[in-house]
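Coordinates in review
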Amino acid sequence: EMMCAESPPPLVSLPTEQTNAVEVNQVTIELGKLCEDSAWGQLLDRVGVNHPLAVVVFAMPYTGPRPPGTTVTETTIIHQALDRKNGDPDDRIALIEYIVQHAPEALKIRNSSGALPLHVLCMNGSRAGIKGDMRKRLAIPFIAAYPASTRETYGDFQRTPLHVLAS
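In this report, we go over the structure that sits alongside the text. (Residues numbered from 1 in each chain as written. Predicted model: local features only at pLDDT ≥ 70, side-chain atom pairs only at ≥ 80, totals over all residues. Heavy atoms only, no water.)

1. Looking at the overall build of the protein chain
Summing up its helical and strand segments, the protein chain has 7 helices and 2 strands in all. Starting at the N terminus, the α and β elements of the protein chain follow one another as α-α-β-β-α-α-α-α-α. Sorting the 167 residues of the protein chain into buried and exposed places 40% on the buried side. Carbon together with sulfur atoms contributes 55% to the accessible area of the protein chain, which is approximately 9,600 Å² in total. (Helix = DSSP H or I, 4+ residues; strand = E, 2+ residues; numbered from the N terminus. Buried < 20%, exposed > 50% of the residue type's maximum accessible area, 1.4 Å probe, protein only. Areas by Shrake-Rupley, 256 points an atom, 1.4 Å probe, with all protein chains shown as cover.)

What follows is the structure, encoded as structure tokens:
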């Protein structure tokens, strides 16, 4: 007898007029936990059945150099997948590519530092294990989906992705 793979347990849908704040908070907590656990395959399963999850902004503990009073960062799934090196690298790349193809509006969302996903790819890609040809392979569809991102700046020094890559 042929067995079908179980589908992942559904996340609560995104906010609608009928969705209450507790349900929305449950979604953001689960997304943060899956990113923290580097569960890229599970995230891909969930985004695959619910594309709008790719544009949900959620809070996570801040892990970078801490400006005074900073304890959380607002982020998205794609920002986290570009920033974290843990978990299955093939699942992580598949998730990033899926989001770019099916939810390209995620490339226009800034994290709480003001960085777009293209900034994060240029800044953290190498540290997160996305190097050389893979970084180029990802950058091309990022730019094709949101060409203006190459001119967008972020941070105190108002750096474009090219400035970030060159620094």
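Once you've had a look at it, read on.
2. What about the nonpolar core?
Counting 38 residues, the largest nonpolar core has Ile77, Ile78, Ile96, Ile99 and Phe142 as the members making the most contacts within it. Breaking this core down by element, the ones donating at least two residues are α1 (21-36), α2 (40-49), β1 (58-61), α3 (77-83), α4 (89-102), α5 (117-124) and α6 (132-145). Among the elements that take part in this core, α4 stands out by supplying 5 residues, more than any other. Filtering out sequence-adjacent residues up to four positions away, phenylalanine 142 remains in contact with Ile78, Leu82, Ile96, Val100, Leu107, Pro117, Leu118, Leu121 and Ser149. (Core = buried A, V, L, I, M, F, W, Y, C linked by side-chain atoms within 4.5 Å. Contact = heavy atoms within 4.5 Å.)

3. Quick notes on the packing of α2 against α4
In contact at an axis separation of 8 Å, α2 and α4 are set at 25 degrees when each is read in the N-to-C sense. As far as their axial angle goes, α4 and α2 are roughly parallel. Of the two possible hands of crossing, α2 and α4 adopt the one that is left-handed. On α4, the residues touching Trp40, Gly41, Leu43, Leu44, Val47 and Gly48 of α2 are Asp91, Arg92, Ala94, Leu95, Tyr98 and Ile99. Along the lines of polarity and charge, the residues of the contact of α2 with α4 split into 8 nonpolar, 2 polar and 2 charged. (Axes fitted to C-alpha atoms, helices over the stretch in contact; angles between N-to-C directions. Parallel < 35°, antiparallel > 145°, perpendicular 65-115°, else oblique. Left-handed = near helix turned anticlockwise from the far one by under 90°. Nonpolar A, V, L, I, M, F, W, Y, C, P; charged D, E, K, R; others polar.)

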